[in-house]
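Coordinate inspection notes
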Amino acid sequence: MQVSYHGHSVVQIKSNGKTIFIDPFITGNGLTDLKAEDVHPDVIILTHGHGDHVGDTVELAKQNDSLVIANADLCDFLSFKGVKTHAMHIGGSYQFEFGRVKLTQAFHGSGYVDEANKQIIYCGMPAGILFMNEGKTIYHAGDTGLFSDMKLIGERHPIDLAFLPIGDNFTMGPEDAAYAAKLLQAKITVPIHYNTFPPIKQDPYRFVAMLEANNGKVLEPGESIEL
């Protein structure tokens, strides 16, 4: 299984011949190495409805006949736009042909901003994502603050690779994310959701140095890990 990072919270997983994207914010993402026209996902998994996570989902899904997995409210919203979806909710899991997906809790917001009509569209509760395939487990925390049940998540689903936001302001900062890593006990921890915008400017190497387990790894956009 190949897992790569592409700036902000964009993660790509290649497993058993399928390409899965989490939160494909490409257009407008100044840190990504990707171009939307070169991305061909079989599956898109979304943590929540904010624009910097939904990103290019609608266009990519339509162009590639991708399946979009998210909470039920966000799936309803995207289905109105002609996207093929599979609705889930927090605590639920489902075995797909490409792997098992489980949504975990996250503490954040989830409104989609319709600038044309000056509306905020409710898109359900934010979530974290557990992706399990080939005997490996990946945890993408999405946008969240620190919460103690991260310990439970790690105990119930031993994690090989965790992606944790460190940007502060909108999510956990480095100190809280380091404590989250301690609770989760993942084999490898990678920082995400930083440096894309001025309010979330952070030094990812400082975060990695804070990890007691010495298991952190900074991935530059385009770099990957083999699990």
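For the structure itself, look to the data block above.
Reading the values: rules and limits
Residues numbered from 1 in each chain as written. Predicted model: local features only at pLDDT ≥ 70, side-chain atom pairs only at ≥ 80, totals over all residues. Heavy atoms only, no water. Helix = DSSP H or I, 4+ residues; strand = E, 2+ residues; numbered from the N terminus. Buried < 20%, exposed > 50% of the residue type's maximum accessible area, 1.4 Å probe, protein only. Pairing = 2+ DSSP bridges. Axes fitted to C-alpha atoms, helices over the stretch in contact; angles between N-to-C directions. Contact = heavy atoms within 4.5 Å. Phe/Tyr/Trp six-rings, centres within 6.5 Å; stacked < 30°, edge-to-face > 60°.

This part takes up unusual backbone geometry. As a rule of thumb, non-glycine residues mostly have phi less than zero, and peptide bonds are mostly trans rather than cis. Even without glycine at this site, Asn169 takes up a positive phi of about 65°. Looking at the element boundaries, Asn169 is found in the loop between strand S13 (161-165) and helix H5 (174-184). Assessed through its relative accessible area of 53%, Asn169 is described here as exposed. Phi at His193 is positive, roughly 55°, even though this residue is not glycine. Take His193: it is sitting in the loop between strand S14 (188-192) and helix H6 (204-210). For His193, a relative accessible area of 2% translates into the label buried.

The strand order across the open sheet formed by seven strands is S6-S5-S4-S3-S2-S1-S15, and the pairing between neighbours is mixed. Looking at which strands have only one partner, the edges of the open sheet turn out to be strand S6 (85-88) and strand S15 (224-226). Direction aside, neighbouring strands of the sheet carry axes that sit 20° apart on average. Here strand S1 (residues 2-5) pairs with S15 via three bridges, running antiparallel. Note that in S15 the partner of Gln2 across the bridge is Glu226. Where helix H3 (residues 72-79) meets the sheet, its contacts fall on strand S5 (67-71) and S6, and the angle it forms with S5 comes to roughly 140°.

All chains considered together, the criterion is met by five aromatic pairs. A ring pair is formed by Phe25 and Phe197, whose centres lie 6.5 Å apart and whose planes are at 35°; its orientation type is tilted. Residue Phe25 is found in the loop between strand S3 (18-22) and strand S4 (43-45), and its partner Phe197 is found in the loop between S14 and H6; the two are separated by 172 residues along the sequence. A relative accessible area of 30% places Phe197 in the partly exposed class. Taking the centre distance of 5.1 Å and the plane angle of 45° together, the rings of Phe77 and Tyr112 count as tilted. Separated by 35 residues along the polypeptide, Phe77 in helix H3 and Tyr112 in strand S9 (residues 111-114) bring together distant segments of the chain. By relative accessible area, which is 11% here, Phe77 ends up buried. The structure contains a cluster of three or more aromatic residues connected by ring pairs, namely Tyr94, Phe96 and Phe98.

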